[in-house]
Amino acid sequence: FFRELRLMLCAIMRCAKLLAWVMLVLMLIFFVFGISLTVGTSDFLSGAESVADPRRAALVAWFGTLDRSLLSLYEAAYGGRDWAEFREALGALPGRYMFLFLSYMSFTLLAVANIITGIFVDGAFQVNHNDRETLVSEEFECQKQFETNVREVFHEMDTSG
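These numbers were taken from a predicted model, which means no experiment stands behind them.

Participant: Break down helix α3 (residues 56–63) for me, with residues and values.
Facilitator: Residues of α3 that are buried: L59, W62 and F63. Buried residues along α3 cover an arc of 85° about the axis, so they all sit on one side. Structurally, α3 contributes buried residues whose contacts are with α2 (16–46), α4 (66–78) and α5 (83–90).

Structure follows, in structure tokens:
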């Protein structure tokens, strides 16, 4: 039980630096796509055709400001809200924004998530491999100590000198 717990904690500690870099890259991705969608929403809302559009309220709520856009993109990618809702609201904008959002979802869900998972699994395997080497080394040292102890016992028992 404690070996598995130790391995899990070692894997988490080993991946902490990696996690920080992953978070930075994800924030950069959110930021780039968030700025684009916020600018598109702002342009749409400044036009006269947006007044009568029923999707206006959803666009303001989800993409009206940069912080709302970042939160909406996070929710869409990680299950906080169904991304189809965002897609429907973005339907009021020109088609390039829909393409941008769908590209973001595809990239985030398929590429980034799988790469991050692979990196963390590889890190866990490396921790497990290093732990095995440590265990083998410790076992070898125990066997050497046992051998030394047995030699001493036989040497003490040897009456012929």
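Participant: An account of the packing of α3 against α5 is needed here, citing residue identities and associated values.
Facilitator: Put simply, α3 and α5 touch, their axes get as near as 9 Å, and they point 120° apart. On the basis of the axis angle, α3 is oblique to α5. Of the two possible hands of crossing, α3 and α5 adopt the one that is left-handed. Between α3 and α5, the contacting residues are A58, L59, W62 and F63 on the first element and E85, F86, A89 and L90 on the second. Looking at the contact of α3 with α5, its residues break down into seven nonpolar, no polar and one charged.

Participant: I'd like to hear about the pattern of salt bridges, residue by residue, with values.
Facilitator: Applying the stated criterion across every chain, the model contains three salt bridges. Across the salt bridge formed by R81 and E75, the nearest N and O atoms sit 3.9 Å from each other. Among the ionic pairs, R81 bridges to E85, the shortest N-O distance being 3.1 Å. The structure contains a network of salt bridges with shared partners spanning E75, R81 and E85.

Participant: So what's going on with the packing of aromatic side chains? Residues and values would help.
Facilitator: Throughout the structure, instances matching the rule amount to 10 aromatic pairs. Taking the centre distance of 5.9 Å and the plane angle of 75° together, the rings of F63 and F86 count as edge-to-face. With a gap of 23 residues between them, F63 in helix α3 and F86 in helix α5 connect regions that are remote in the sequence. Here F63 matches F86 in class, with each residue buried. Pairing Y74 with Y78 gives two aromatic rings, centres 5.3 Å apart and planes at 45°, and the pair type is tilted. With Y74 and Y78 both in helix α4 and four residues apart, this pair spans about one turn of that helix. Exposure remark for Y74: the relative accessible area of 45% places this residue in the partly exposed category. What makes Y78 partly exposed here is its relative accessible area of 39%. What links up through ring pairs into an aromatic cluster is the set F30, F33, W62, F63, Y74, Y78, W83, F86, F101 and Y104.

Rules used throughout
- Residues numbered from 1 in each chain as written.
- Predicted model: local features only at pLDDT ≥ 70, side-chain atom pairs only at ≥ 80, totals over all residues.
- Heavy atoms only, no water.
- Buried < 20%, exposed > 50% of the residue type's maximum accessible area, 1.4 Å probe, protein only.
- Helix = DSSP H or I, 4+ residues; strand = E, 2+ residues; numbered from the N terminus.
- Arc of directions from axis to C-beta.
- Contact = heavy atoms within 4.5 Å.
- Axes fitted to C-alpha atoms, helices over the stretch in contact; angles between N-to-C directions.
- Parallel < 35°, antiparallel > 145°, perpendicular 65-115°, else oblique.
- Left-handed = near helix turned anticlockwise from the far one by under 90°.
- Nonpolar A, V, L, I, M, F, W, Y, C, P; charged D, E, K, R; others polar.
- Salt bridge = Lys/Arg side-chain N within 4 Å of Asp/Glu carboxyl O.
- Phe/Tyr/Trp six-rings, centres within 6.5 Å; stacked < 30°, edge-to-face > 60°.

Purely spatial values, then, with no claim about function.
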